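Observations on chain architecture
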Amino acid sequence: MTNLQEFRESTRQWLEENCPQSMRTTMVADEIVWGGRKAEFKNPDSKLWLERMAEKGWTCPTWPAEYGGGGLSKDEAIVLQQELDRINARPALTSFGISMLGPVLLEYGSHEQKAEHIPKIVRGEIRWCQGYSEPGAGSDLASLSTRAELQGENYLINGSKVWTSYADKADWIFCLVRTDFEVPKHAGISFILFDMASEGVSTRPIQLISGASPFCETFFDNVKVPAGNLVGEVNDGWSIAKRLLQHERTMISSFGLASGQGDRGGVTSTMDSVEGAAMHYRGDKGKLSDPVLRDDIARFKIDSEAFAHTSRRSVEETKQGGPNATSSMLKYYGCELNKRRYELLLRSLGSQSLGWEGEGFADEELQVTREWLRSKANSIEGGTLEVQLNIIAKRVLGLPDLLSLSKK
Amino acid sequence: MSLVLNEDQQMLQQAARNFCQKHTPISQLRQLRDSRDEHGFDRQAYQQMVELGWTGMSLPEAYGGFEFGHSGLAVVLEETGRTLTCSPLIASVLLGGNLIYALGNEAQKQALLPGLIAGDLLLALAIDETPFHNPTRIQTRAERQGDHYLLNGRKTLVLDGHVADKLLIVARSSGSDDSVEGLSVFLLDRNSPGLEVTRQWMVDSRNSASMVLDDVKVSAEDLLGSEGQAWQSLEQVLDIARVGLAAEMLGSIQESFARIVDYLNQRQQFGVLIGSFQGLQHRAAVMYSEIELCTSIVRAAVAALDNRELAAQQVAALASAAKAKLSEVAELVSNEGVQMHGGIGMTDEFDIGFFIKRARVAQQFLGDAAFHRDRYASLNNF
């Protein structure tokens, strides 16, 4: 028996003994565990499940054991995920610390920074948010102007961020700040970490077209941050920022995978099958009666299948399985697929997809409407689709870059 | 099931690429076209393909084959797509050879397959009867009379029909139009009395023929399989050929796209390379993404052909997914190929025009995108 088979058997047995029964059911939206100081556990089993998984480091299976991670090989991590899927286990922890900050901190952070932050990410003790976009710096992120000035042992931070996801619920922020205004814009940016409870930090939720408020405006007014919280070298934050964006794209591109898992933390519903919904609302049996919708759904499903194979191939081709130049292609295509999915769902449900609240509409119908609106952000957040196409043209196809002239 | 080529497949890919560039470049297709070549392909090059083992790749050793699986020929076809190579590989090997292997009795296999693999025997499948691929809409009739059958009907778009030594005729002995019941396949010499074969000059300069069957007499011994029971094998073989054709289309699409990107990096207007214009960059980036999906779905469909654990319905759905997707993207990339080259793309002297011509024929042959989306939907129960 190979080591991998042994690992599979011991993992299966451990899961059998340690995964609570209620954690072996499809995730529901308000029971997703985000962790943090203000963590809420609507289902007490989810707290137990997090503690047990974190104890083994399996919330971050491939991270080094030295910092609390699982220390698993890539193959072992795949086996673990297969065994989790086998029993339909819910994700024990979902966080930006896991999907975005952790990987770059492990790559660029000092030993002290890793020792301080990584174990808390693994255990879900600190919830992180992302301080990237600013009112004047969207697609042109590098033009950001939040200022960090060194005064003795501390940086003094002034400015504001926007589209800060869940800033009102987060404990710490990883933030891009300008530490030099005299050099070309990419060369004066630093990557810094600080506590959202610091004096001078305030947040205000932004209400979106979907009615939800997952994003905030975040303001910094003379916020004092110890100089040791700066990651990497001063003024060298842009390379870290870009690396993190690759991880973010990889996370967002998973929205487009057939199951629709990822953006909803593994939540599934009867709306997962577009063709099923289309037939249900028309009372069709065997064959969908609207030939145009049927053709469009077939095209969507074929593209989804080809996309899922492409994600797999990308992992196979990149031996480490980390993000690479194709992350922009996956981000672009995955987001377009998710948007298409919701447009098809609207057509599938007819006017039952047009409610906003109240009587006459089932919860899952209202959810489709809200998520259709939410999906429009997929091709804006984490770099717009136009930015992704720019990156493909320049980095993958090697086409000349006219924009570089304006970067000086 | 891996979606990345293994070492053997990579070596085969390189060998096939070298061969096609050296022996069957686009200039050869141009020459075959301009000389109105009698055969429509280079027989000497085909004999070299035989020597390279391409004709026997998926067939069993018992008949002279190599049992390399369908993945081998798919790798080769991708390379023939890059150079728009004309050869009997699709008609004779993918359709003809696989159909005889699937339907024929032992004597028929022994009699035909070794010659086919050796390149001495060329086959062609006569199935379509209307301008639209629909393999169950068969009105050609087969009537049993004692120890033989009488065939009557019409066929069109018979690939390599005018050069094949033997034809595989799909005919109906029972069942209503469109029924999967009652279909049979007969083996017929091309010079049989009552059979009229007319060469069709196609836009892609490839071989095709139309046929009229007027009381063509065929011995009952030349029926492949049981009377009226051909559909299941026929459909499986059509799927093998659809995936093979998709692989060929992938090669053509990749080559067209490489030529587009090269041109964007060479052509100057307004004092700059046109590849620096965002209006062209984004269209190129979209094409790149679509081609990545094409590569993946072709690899997945090819792997499915060789995966005995998959249900027939799953293989069929993947074959249709691949043919639908590749047909769609072939149209996009071949159109952009002409448009992005501007005026020079419209000239016969420039090669990009050969790609758009081949693309349309490959798109429609064995079912266009709409046909395969419809089939994919049915196979997925909606």
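Not measured: the values here are computed from a predicted model. (Residues numbered from 1 in each chain as written. Chains lettered and ligands numbered in written order. Predicted model: local features only at pLDDT ≥ 70, side-chain atom pairs only at ≥ 80, totals over all residues.)

1. Things to note about the overall build of chain B
Scanning chain B from N- to C-terminus turns up eleven helices and ten strands. Against the 2.2 N^0.38 benchmark of 21 Å for 382 residues, chain B shows a C-alpha radius of gyration of 21 Å, consistent with a compact globule. In terms of its C-alpha atoms, chain B occupies a principal-axis envelope of roughly 80 × 45 × 40 Å. Classification of the 382 residues of chain B by burial places 53% in the buried group. (Helix = DSSP H or I, 4+ residues; strand = E, 2+ residues; numbered from the N terminus. Rg over C-alpha atoms; globule rule 2.2 N^0.38 Å. Buried ≥ 20, exposed ≤ 12 C-beta atoms within 10 Å, placed from the backbone.)

2. What about the domain arrangement of chain B?
Residues and elements named next belong to chain B. Annotation of chain B at the domain level lists domain 1 (7-120), domain 2 (124-224) and domain 3 (231-379). Look at where the C-alpha atoms of domain 1 and domain 3 centre, and you get two points 21 Å apart. In this assembly, 21 residues from domain 1 lie in contact with 24 residues from domain 3. Counting residues per element, the ones that place at least two in the side of domain 1 that touches domain 3 are α2 (26-34), α4 (70-82) and α5 (89-103). In terms of residues, the side of domain 1 that touches domain 3 owes the most to one element, α4, which gives ten residues. For the side of domain 1 that touches domain 3, the class distribution of residues is twelve nonpolar, six polar and three charged. (Domains from an automatic or database assignment. Contact = placed C-beta atoms within 7 Å. Nonpolar A, V, L, I, M, F, W, Y, C, P; charged D, E, K, R; others polar.)

3. Comments concerning the interface of chain B and chain A
Across the boundary between the two partners, chain B contributes 30 residues, which contact 34 residues of chain A. At twelve residues, helix α8 (residues 278-305) of chain B tops the list of elements feeding residues into the side of chain B that touches chain A. When its residues are assigned to classes, the side of chain B that touches chain A shows 18 nonpolar, nine polar and three charged.

4. Some points on the pairing of strand β3 (residues 148-159) of chain B
All names here are of chain B. For strand β2 (residues 141-145) and β3, the ladder comprises five bridges, and the chain directions are antiparallel. If you follow alanine 142 over to β3, its bridge partner there is leucine 151. As consecutive antiparallel partners, β2 and β3 are separated by two residues, and within that stretch glycine 146 has a phi angle of approximately 65 degrees, a positive value. Direction of pairing for β3 relative to strand β7 (residues 207-219): antiparallel, over a ladder of nine bridges. (Pairing = 2+ DSSP bridges.)

5. A look at helix α11 (residues 369-379) of chain B
All buried positions along α11(B) are accounted for by B:Ala369, B:His372, B:Arg373, B:Arg375, B:Tyr376, B:Ala377 and B:Leu379. Looking at the packing, one finds that the buried side of α11(B) touches α8 (291-317) of chain A together with α9 (312-341) and α10 (352-364) of chain B.

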